[in-house]
Amino acid sequence: MDEPKVTGTKPRTCCPRKSLLILGFLFASAAIALVAMAVTQNKPLPKNIKYGIVLDAGSSHTNLYVYEWPAEKENDTGVVHQVEVCTVQGSGISGYSKDPDEAGLSLQNCIKRAQEMVPEQQHRDTPVYLGATAGMRLLSLQNRSVADRVLSAVENMLRSSPFDFQGARVISGQEEGAYGWITINYLLGNFKQTGWLDFLPHLQSSSGTSGALDLGGASTQITFVPDHEPIESQENSLHFRLYGKSYNVYTHSFLCYGKDQALRLKLAGDLQSTQNGSLLDPCFHPGYFRVMNTSDLYTSPCTANGEQQLPFRRLHLQGNGDYQVCRKAIQKIFNTSHCPYSSCSFNGIFLPPLQGKFGAFSAFYFVMNFLNLTTEKSPVPLNRVTSTVQRFCSRPWNEVKAEFPNIKEKYLSEYCFSGAYILSLLENGYGFTAEKWQNIQFLGKIGSSDAGWTLGYMLNLTNMIPAEKPPTRPLSHASYVGLMVFCSLVLVAVLLLGCFIFHKPKCLQKGLI
Ligand SMILES: Nc1ncnc2c1ncn2[C@@H]1O[C@H](COP(=O)(O)OP(=O)(O)O)[C@@H](O)[C@H]1O
Ligand SMILES: [Ca+2]
């Protein structure tokens, strides 16, 4: 018998296995190509950096700041940062009234430093600005022509530098307050309105900004956005439109209430009650002794009104480190007897209710930092700050001097007065209660940039802060490409999986493998 023939086709060789391999290979190659393309395309381009220079001609000294930012991101918020600060040796420019040309020469070293920081081919395109603050405001009040001569000396020096000179002027107290407020909010990223909060504005605090407290040697500024309160005096009211949002800002600059002039005001007041020129001063350490010419005390327009024929020419000051008495003596320089508004700070100056968080910088920070009151994460409570200052004031001068041999004697001897003055100004002057005190953060730097008015000044003069929010795409280019690659991969994977499930090659079917 014939054996039954095996009919039908030969069992299929596993050809889909080959196709699968090819498909797999193509898939892997495509995936690698996609990722490689995305990475290559998004590699950061060589940076096109721009620079700007601002000189802060303060009452006590001048600082030169160099800022840099990526050219293509000029209008973004938070992109400009400080790369250098150079402290000019000697006094502030207002201290050169006897020899104005020297004021210009004093800047030379720091200009050289800036030349090293900025690449030579960019010197011509780098703007340089000089803003003078309260020291020059006082000198202008005292002698306008001398102040003009000092300003033209620094102007000539800056014009002869290789940079693009954009002006040297005395800025107003209002500007100083406003630019300090812009600086810290720019650096803290408070003008940034990205993310979901854009669509849920009721979840943001009313202004989303921090107030600014600046303490200099000759003036002090307070600036913040009050909560829906009308700003009752025009000279304290500013309006800004930044990145598409409007801000009604309160600001005031107290000329003569920087810590150096405030000390003069206090001493000039104390002198009225001395007969022989010796003064027991509670704001200096026990054992501290200083001799001053009374005429020096009255050279400033802050104290000129009190000038009188005194029967002595020298003041012999002796410390006794009594914090409570010191606070009482300081209190006398704040006049709280009249207020033509619904509420005032002092000297009849309008102050709306304090609102939100505050960043306190410049001498507010230097003094608090010296007293070790800025190192903790959360603000140190007011009662602890008070007891720290009290304890520090009561320490004998020779003990303090021995503990801090490297700190300039002028600073060291005045930290007791300065600590007490800061507490008087914030607590009694502005009305920071123990509860509100917790909203103050003492700031030296934010990131790499010093907190102060200079950055805000430059951002404003270079038009780097747009009034309206620049139109932006929802995703950055890199995120867009990444997401596109990811979605393409998911789509391909789903397609392959679909093919695989619905057209399962026979060789993979059960029993054929
Ligand atoms: N390390 C420091 N410790 C204490 N005080 C300092 C320190 N550095 C600067 N200061 C003080 O900070 C103040 C800065 O004021 P400044 O900017 O020169 O004046 P203004 O802003 O009033 O024109 C001055 O009183 C200066 O003595
Ligand atoms: Ca200053």
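Computed from a predicted structure; not experimentally measured. (Residues numbered from 1 in each chain as written. Chains lettered and ligands numbered in written order. Predicted model: local features only at pLDDT ≥ 70, side-chain atom pairs only at ≥ 80, totals over all residues.)

1. Points about the site of ligand 1
As a structural note, the neighbourhood of ligand 1 is formed by 20 residues, with Gly-58, Ser-60, Thr-133, Gly-216 and Gly-217 the closest of them. Elements that contribute at least two residues to the shell around ligand 1 include exactly α4 (134-142), α7 (259-271) and α10 (363-370). Among the elements that take part in the shell around ligand 1, α10 stands out by supplying 3 residues, more than any other. Per-class residue counts for the shell around ligand 1 are 6 nonpolar, 12 polar and 2 charged. (Near = placed C-beta within 6 Å. Helix = DSSP H or I, 4+ residues; strand = E, 2+ residues; numbered from the N terminus. Nonpolar A, V, L, I, M, F, W, Y, C, P; charged D, E, K, R; others polar.)

2. Considerations on the UniProt feature "active site" (unreviewed entry) in the chain
The UniProt record marks Glu-176 with the feature "active site" (unreviewed entry), using the residue numbering of this structure. Turning to its location among the elements, Glu-176 is positioned in helix α6 (residues 173-187). For Glu-176, the contacting residues outside a window of four places in its chain are Thr-133, Ile-171, Asp-214, Gln-221, Ser-253 and Trp-453. (UniProt positions renumbered as here; feature names shortened; annotations may be inferred. Contact = placed C-beta atoms within 7 Å.)

3. What about the packing of helix α11 (residues 382-394) against helix α13 (residues 409-429)?
It is at 9 Å that the axes of α11 and α13 come closest, and there the two elements cross at 155 degrees. When the axis of α11 is compared with that of α13, the two are roughly antiparallel. Considering how the two elements wind past one another, α11 and α13 form a crossing that is left-handed. Residues Val-385, Thr-386, Val-389, Phe-392 and Cys-393 of α11 form the contact with α13, whose participating residues are Tyr-415, Cys-416, Gly-419, Ala-420 and Leu-423. (Axes fitted to C-alpha atoms, helices over the stretch in contact; angles between N-to-C directions. Parallel < 35°, antiparallel > 145°, perpendicular 65-115°, else oblique. Left-handed = near helix turned anticlockwise from the far one by under 90°.)

4. What to know about the sheet that holds strand β10 (residues 278-281)
Spatial ordering of the open sheet is given by β10-β12-β11, a layout of 3 strands whose pairing is mixed. Of all the strands in the sheet, just β10 and β11 (289-293) have a single pairing partner and so form its edges. In this sheet, adjacent strand axes meet at a mean angle of 25 degrees when their direction is disregarded. Pairing geometry for β10 and strand β12 (residues 314-319), over 4 bridges, is parallel. Note on β12: the bridge partner recorded for Leu-280 is Gln-318. (Pairing = 2+ DSSP bridges.)

5. Describing the sheet that holds strand β7 (residues 219-224)
With respect to topology, 6 strands assemble into an open sheet ordered β8-β9-β7-β6-β13-β14, the strand pairing being mixed. Because the sheet does not close on itself, it has two edges, and the strands there are β8 (237-242) and β14 (440-442). Across the sheet, the mean angle from the axis of one strand to that of its neighbour is 25 degrees, orientation sign disregarded. Two strands pair when backbone bridges link them, and strand β6 (residues 211-215) and strand β13 (residues 358-362) are joined in this way by 5 bridges, in the parallel orientation. Each residue of the ladder has a partner; that of Ala-212, found in β13, is Gly-359. Those strands touched by α10 are β6, β13 and β14, and its axis lies near 85 degrees from that of β13.

6. Topic: α4
Along α4, the positions that sit buried rather than exposed are Ala-134, Gly-135, Met-136, Arg-137, Leu-138 and Leu-139. On its buried face, α4 sits against β1 (49-57), β4 (127-132), α5 (144-159), β5 (164-170), β7 and β9 (245-255). (Buried ≥ 20, exposed ≤ 12 C-beta atoms within 10 Å, placed from the backbone.)

7. Section: the nonpolar core
Core analysis: the largest hydrophobic core is formed by 111 residues, its most contacted members being Val-154, Ala-360, Phe-364 and Ala-420. Looking at this core, the element that brings in the most residues is α13, giving 9 residues. Once residues within four sequence positions are removed from consideration, Ala-420 is found in contact with Cys-283, Tyr-323, Cys-326, Arg-327, Ile-330, Val-389 and Cys-393. (Core = buried A, V, L, I, M, F, W, Y, C linked by C-beta atoms within 7 Å.)

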